[in-house]
Amino acid sequence: MIVAERKPIAEILANLRQASSVAVVGCDTCVAVCMAGGTKEVAVLSAALRLAARQEGREQLITEACVERQCEVEFNEPLAELVAEHDVILSMACGVGVQTLAEQYPSAVVYPALNTKFMGRPEELGTWSERCLGCGNCVLDKFGGVCPITRCSKNLLNGPCGGSQDGICEVDPSIPCAWQLVYDRLVAIGQLERLWQVEPPKDWTTSRDGGPRKVVREDIVP
Amino acid sequence: MSDARDTSPLVLIGCQRSAGAALARLADEGRALPSHVRWQSVPCGGTIDELMILEAFESGAERVMVVSCAAGACNSVVGDERARRRTAATRELLEAIGIEGWRLRYETMAPNMGADLLRWVDAFVAPVEESVGEA
Amino acid sequence: MKSGSKLERLLEQGSFALTAELGPPKGPDVSVVDRKIELLRNVCDAVNVTDNQTAIVRLCSAAACARLVAAGTEPVMQMTARDRNRLAIQADVFGAVSQGVRNLLCLTGDHQTFGNHPQARNVYDLDSVQMIAMLKGMRDEGHLLGGEEIEGEVPLFIGGAANPFGDPFEMRVIRLAKKVAAGVDFIQTQCIYDMPRFREWMRRIVDLGLHEKVYILAGVMPLKSAGMARYVDSSVAGIRIPGPIIKRMAGAGRGKAAREEGIRMCAETIQELREIEGVHGVHVMAVEWEEAIEPIAEQAGLLPRPTVSVE
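In this report, we go over the structure that sits alongside the text. In every chain, residue numbers begin from 1 and rise along the written sequence. Here chains are named by letter from A upward and ligands by number from 1 upward, in the order in which they appear as written. Note on the predicted model: pLDDT of at least 70 is required for a residue's local features to be given, and 80 or more for side-chain atom pairs to be given and counted; whole-chain, interface and lining totals, by contrast, use all residues.

Digging into the overall build of chain B
Our working definition: For the purposes of this entry, the term helix denotes a DSSP run of H or I that reaches at least four residues, the term strand denotes a run of E that reaches at least two, and both are numbered from the N terminus. With C-alpha atoms as the basis for the radius of gyration, the globule rule is written as 2.2 Å multiplied by the number of residues raised to the power 0.38. Labels follow a simple rule on C-beta atoms placed from the backbone: if 20 or more others lie within 10 Å of a residue's own, it is buried; if 12 or fewer, it is exposed; otherwise it is partly exposed. Each residue is represented by a C-beta atom placed from its backbone, and any two residues with such atoms within 7 Å are regarded as in contact.
Per the secondary structure count, chain B includes four helices and four strands. Its helices and strands taken in sequence order, chain B reads β-α-β-α-β-α-β-α from the N to the C terminus. Here the C-alpha radius of gyration of chain B, 15 Å, is about what a compact globule of 135 residues would show, namely 14 Å. In terms of overall dimensions, chain B has a C-alpha envelope of 50 × 35 × 25 Å along the principal axes. Considering chain B as a whole, with its 135 residues, one finds that 37% of them fall into the buried category. Considering only residue pairs separated by 6 or more positions, chain B has 76% of its internal contacts joining residues 24 or more positions apart.

Regarding the environment of E74(C)
Along the chain, E74(C) turns up in the loop between α3 (61–70) and β3 (75–80). E74(C) sits 68 residues away from K6(C) along the chain, and the two C-alpha atoms are 7.0 Å apart.

A few points about the interface of chain A and chain C
To keep it simple, the criterion reads: Note on residue classes: Ala, Val, Leu, Ile, Met, Phe, Trp, Tyr, Cys and Pro are nonpolar, Asp, Glu, Lys and Arg are charged, and everything else, Gly too, is polar.
Across the boundary between the two partners, chain A contributes 26 residues, which contact 26 residues of chain C. Partitioned by chemical class, the residues of the side of chain A that touches chain C number 13 nonpolar, 10 polar and three charged.

Digging into helix α4 (residues 114–123) of chain B
Three- or four-residue spacings in an α-helix give side chains the same orientation, since the helix completes a turn every 3.6 residues. All names here are of chain B. Just so we agree on the cut-off: By definition, the arc is the one covered by directions from the helix axis to the C-beta atoms.
Along α4, the residues that are buried comprise G114, L117 and V121. Along α4, the residues classed as buried sweep out an arc of 55° about the axis, all on the same side. Exposed residues lying more than 90 degrees from the buried face of α4 are R119, D122 and A123. Where α4 is buried, its residues meet β1 (10–15), α1 (16–28), β2 (37–42), β3 (63–69) and β4 (104–109).

Brief notes about the sheet that holds strand β3 (residues 61–67) of chain A
Residues and elements named next belong to chain A. We count it as follows: Two strands are counted as paired when DSSP detects at least two bridges linking them. Axes, fitted as lines to C-alpha atoms, cover a helix only where it is in contact. Angles between the N-to-C directions of the axes lie from 0 to 180 degrees.
In spatial order, the strands read β3-β2-β4-β5; together these four strands make up an open sheet with parallel pairing. Of all strands in the sheet, those with a lone pairing partner are β3 and β5 (109–112), marking the two edges. Within this sheet the neighbouring strands show an average axis-to-axis angle of 25°, counted without direction. Of the pairings in the sheet, the one linking strand β2 (residues 21–27) to β3 comprises seven bridges and is parallel in character. Across the sheet, G26 pairs through a bridge with C66, a residue of β3. Docked against the sheet, helix α6 (residues 95–104) engages β2, β4 (88–91) and β5, running at close to 175° with respect to β5.

A word on unusual backbone geometry
Residue P160(A) is bonded to the preceding G159(A) through a cis peptide linkage, with omega at 0°. The step from L303(C) to P304(C) runs through a cis peptide bond, and the omega angle for that step is -5°. Mapped onto the secondary structure, P304(C) falls in the segment after α11 (293–299). One non-glycine residue, V77(B), lies in the positive phi region at around 70°. Positionally, V77(B) belongs in the loop between β3 and α3 (79–96). Since 12 C-beta atoms lie within 10 Å of it, V77(B) is described here as exposed.

What follows is the structure, encoded as structure tokens:
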């Protein structure tokens, strides 16, 4: 899932002070699951914004809304009136949702309330960590289901580097060394010989390095 | 020393097993919270969250006190810890929007501490500023 | 001969090689480089020039290496994968060779969070293994990684690093084997304080016959003080210093006495390393202490340096 977290309040407020009305629009998919931008979070942020306006002696209408999935135009269609009636739309969706709203309502001022971080999974309640950065050419079959592109701080394909100690990455003690994980996993499934293969340089064109990407299903497009 | 008694609106959010029970006992003795305090009961400290506290401020409270059972005494085991942490998180949010952190307090108590609760409410005032010279 | 470099010739003829390290300045003042060259030129066979070591910006390795060539001293140019993509690496190889550099050491590179520009984008387009393979292709097949033919020759003696002390241990052996398979000609190891672990690693290397496919230079680093030992142990990625060594340094006192003990210990380590099968030389990393190389080499019985007899 996409994982995001709320921007610092000060940063959000900086964009809103000139607005006389703000529609806070959440999304009930990924950002609700990572407790950053769902209905609940919309309520909390809206209350904070109302209190801030009162503190600063500003008149500001705050309206709360939430859609099922902000990256799909069908779900955003019912927002048309709301968008027309408010100076600023503060989106609590991930970056995709924010941009969808902006594309769908080109004359609306849409600001993000979240920082979109990564594709990852919940490790335990309240903790999410990165697992995939979308390189466009998945090689998880070669590494026992552990992605060295994403989880190795240096995205090595022939790791580990010299800084791996006690299964920890040199960059931060909270980061497990991906190559320790790869090694352990390949040992567990009896595929250690894969590590003897020299992995050639990666073709980064399938990743963001090749430019913004698109996927088209020719059999499905109208 | 100045008599800095604060009678601005105060919302007391407390769990029914600790603060709630204490207030019931106080009532039996003919004692009650001052009139500027609004009492809000919740089943457990664990149900207290940012939204509840912010709504209390929005409704007109100038001070909010959150009370739960003491650590180890919560019937739901982690309710007090949740209340403590969420109060702390809300305090950060309040400070970021210009509301002083001292206006949000967290306390733990047992049902037989009603007198303490009344004292805490009375003592819930702005911190005294350090000043040179006489008070 | 792959490159004809002095280091290559010495190793080919069976001499026990001695390389040292030179850290460039944090600015364009080459007089710093010149001064260090003078300290090192006669007491070792080749000098590594570091490349933005620990992600701290310094005079680039290529420019410093050109200075060494001009002074008649053999450089080993270090290149990290952290700061350059495959285009820049290949261009830098052309540049280095054009200036007379023949020894190139391929490194992954410390992560930029360690250095003075933690906010930089890192590159790591290639890793060190892929870099080695790419350089081999440039030299032996005469083409770029992308396939185009190269105009001219690219004589290179390709180096890599090895860390027998990182985890997991089995991977450390596999990684060296991969570098050999990729085409590395010589290896310099991370500094050795844990001799038993190094011996174990060498045993595995020899078992696999790798010592006959690559020249291995064992890394050593003289300690200046117990304080330095403790700092290195706790703060430098990939290096652990055993308690007894720190204790010995502490017992040596301070200042000059401590430094002399550090030099003595380093020389003893070198002598021990000479006896290990598969070790073809030593690489002495005297960080900001180039003056120590001469006494270390002297005490280890490595002076005067041998001359090249193979043409």
